[in-house]
Structure formats: C-alpha cells, structure tokens
Amino acid sequence: MPVAPKSSDLRLYFELLSLTAFVFPLGQILGPLVLWLVKKDTDPLADAEGKKVINFNISWTIWGIVSCGLGFIAWIVIDIIAILKAANPNYVRWRDDLA
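As the structure is a prediction and not an experimental result, all values here were calculated from the model. (Residues numbered from 1 in each chain as written. Predicted model: local features only at pLDDT ≥ 70, side-chain atom pairs only at ≥ 80, totals over all residues. Heavy atoms only, no water.)

## Observations concerning the environment of L17
Logical step 1: Here L17 is to be found in helix α1 (residues 7–17).
Logical step 2: Linking L17 and I29, residues twelve residues apart in sequence, is a C-alpha distance of 8.5 Å.
Logical step 3: Filtering out sequence-adjacent residues up to four positions away, L17 remains in contact with G27, Q28, G31, P32 and L35. (Helix = DSSP H or I, 4+ residues; strand = E, 2+ residues; numbered from the N terminus. Contact = heavy atoms within 4.5 Å.)

Put into structure tokens, the structure is as follows:
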C-alpha cells in the first residue's frame, strides 16, 4: 500500500514543481497548480502552501515579463532558497508574494 506524503513533503513538492518552467512555458504556475488542485481538499496545509506558491509564481512571472527578464534571474535565486528551506523539516515562514 503506498504511503501518503507528509505535509512537509508536499511543501517540498510544491517548490520543486516550480522548476517545471524549464520544461515547458508557464510550468512554474501549472506544475504547483495541478498538485494544489489534487491535494487542496484533503490537506489544509497543502491548500495554504499551494496558494502561496502559485500566487508567488504568478507575481514573479508578471514581474519578470515587465522587467524584461531580470525577474527571471531573481526568481531562480529565490526559488532555490525556498527549495532548501522546504527540504528542512522545521517549519519556516514562507516568503511573501509581491502582489
């Protein structure tokens, strides 16, 4: 029987799915969106964290388009930091969105 992922694992999965932008356009939004749509009704933490990740990635996508790519570099750096923090089992306050 498969083991359900812990809520802390789901935070890491949300962050890692942000990197799907390197696979297809707007993947940083669509990857976490799919996981959020699947898990939002069964896990309240996944619902809250998923909304934050999706909101953040939408904000940075818009900012990146407006700033002609400079936001893309900042997004990569901040996303790597968030992945490292999400891999830590201790809860850390999530970054705030720009919108």
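## Examining helix α4 (residues 70–87)
Logical step 1: Taking 1.5 Å per residue, 18 residues should reach 26 Å; α4 reaches 26 Å between its end C-alpha atoms and fits that length.
Logical step 2: Burial in α4 covers these residues: G71, W75, D79, A82, I83 and A86. On an axial view of α4, the arc spanned by its buried residues comes to 105°, and they lie on one face. Exposed positions of α4 whose direction lies more than 90 degrees from the buried face are L70, I73 and L84. (Expected span 1.5 Å × (residues − 1). Buried < 20%, exposed > 50% of the residue type's maximum accessible area, 1.4 Å probe, protein only. Arc of directions from axis to C-beta.)

## A look at the packing of aromatic side chains
Logical step 1: Overall, the coordinates contain three aromatic pairs when judged by the stated rule.
Logical step 2: Both rings, one in F56 and one in W60, keep their centres 5.7 Å apart while their planes meet at 50°; by these two values the pair is tilted. Placement of the pair is F56 and W60 together in helix α3 (residues 44–66), with a separation of four residues, close to one helical turn.
Logical step 3: The exposure class assigned to W60 is buried, which follows from its relative accessible area of 9%.
Logical step 4: Ring geometry for W60 versus W63: centroids 5.2 Å apart, planes at 70°, classification edge-to-face. With W60 and W63 both in helix α3 and three residues apart, this pair spans about one turn of that helix. (Phe/Tyr/Trp six-rings, centres within 6.5 Å; stacked < 30°, edge-to-face > 60°.)

## Things to note about a nonpolar patch on the surface
Logical step 1: Among the surface-exposed residues, Y13, L16, L19, F22, V23, F24, L26, L30, F72, I73, V77 and I81 lie close enough to one another that they form a single nonpolar patch of about 1,100 Å² accessible area.
Logical step 2: Taken together, the elements giving at least two residues each to the nonpolar patch come down to α1 and α4.
Logical step 3: When residues in the nonpolar patch are grouped by element, the largest group, four residues, is from α4.
Logical step 4: As for its position among the elements, L30 is in helix α2 (residues 27–39).
Logical step 5: By relative accessible area, which is 39% here, L30 ends up partly exposed. (Patch = residues over 30% accessible without salt bridge, like charges linked within 9 Å, V, L, I, M, F, W, Y side chains within 5 Å. Areas by Shrake-Rupley, 256 points an atom, 1.4 Å probe, with all protein chains shown as cover. Salt bridge = Lys/Arg side-chain N within 4 Å of Asp/Glu carboxyl O.)

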